[in-house]
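Residue-level structure breakdown
As a plain string of letters, each chain reads:
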Amino acid sequence: MKWGMGMYSNSRDEEVRLLKRLWSAEDVICPKCGGALLVHLHKKAKRSDCDWMCPACGEIYRTIQMLKELPEE
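What counts and how
Residues numbered from 1 in each chain as written. Predicted model: local features only at pLDDT ≥ 70, side-chain atom pairs only at ≥ 80, totals over all residues. Heavy atoms only, no water. Helix = DSSP H or I, 4+ residues; strand = E, 2+ residues; numbered from the N terminus. Buried < 20%, exposed > 50% of the residue type's maximum accessible area, 1.4 Å probe, protein only. Contact = heavy atoms within 4.5 Å. Areas by Shrake-Rupley, 256 points an atom, 1.4 Å probe, with all protein chains shown as cover. pLDDT = per-residue confidence, 0-100. Salt bridge = Lys/Arg side-chain N within 4 Å of Asp/Glu carboxyl O.

A word on the overall build of the protein
Scanning the protein from terminus to terminus reveals 2 helices and 3 strands. Helices (α) and strands (β) of the protein occur, in sequence order from the N terminus, as α-β-β-β-α. For the protein, with 73 residues in total, the buried portion stands at 29%. Of the contacts formed within the protein by residues at least 6 apart in sequence, a portion of 36% connects residues at least 24 apart. For the protein, the accessible area works out to roughly 4900 Å², and carbon and sulfur atoms hold 52% of it.

Here you go:
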């Protein structure tokens, strides 16, 4: 169940865990398709470590936007 445009999990706590894993550079499998590990969206330029993409389904994870869209506790 997606709560907002930026939600990829069923709860706020799971979404926070996803964000923490991305920001700590852990390997994360795409929560949408489960088909591949997420990679930096700007990997050549290394401009930002806040945007990620799934090479399998093309879903883009903009973590700052995801954080802003988290529901209140």
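Section: the side chain of Thr63
As for its position among the elements, Thr63 is in helix α2 (residues 63-68). Excluding its chain neighbours within four sequence positions, the residues that come into contact with Thr63 are Leu19, Leu22, Trp23, Cys50, Asp51 and Trp52.

Comments concerning the confidence of the model for the protein
Any residue range with low pLDDT should be treated as having predicted coordinates unsuitable for detailed reading. Confidence in the prediction of the protein, expressed as mean pLDDT, is 81, and 81% of residues score 70 or more. Across the protein, the secondary-structure element scoring lowest on mean pLDDT is α2, at 87, and the one scoring highest is strand β2 (residues 51-53), at 91. Segment residues 1-5 is flagged for pLDDT under 50; beyond a separation of four residues in sequence, or across chains, it makes 11 contacts in the model.

What about the pattern of salt bridges?
Two side chains bearing opposite charge may form a pair once their charged atoms approach each other closely. Counting across every chain of the model gives 3 salt bridges. Between Arg21 and Glu26 there is a salt bridge; the shortest N-O distance is 3.2 Å. By relative accessible area, Glu26 is classed as partly exposed at 40%. Here Asp51 and Arg62 are joined by a salt bridge, their closest N and O atoms 3.2 Å apart.

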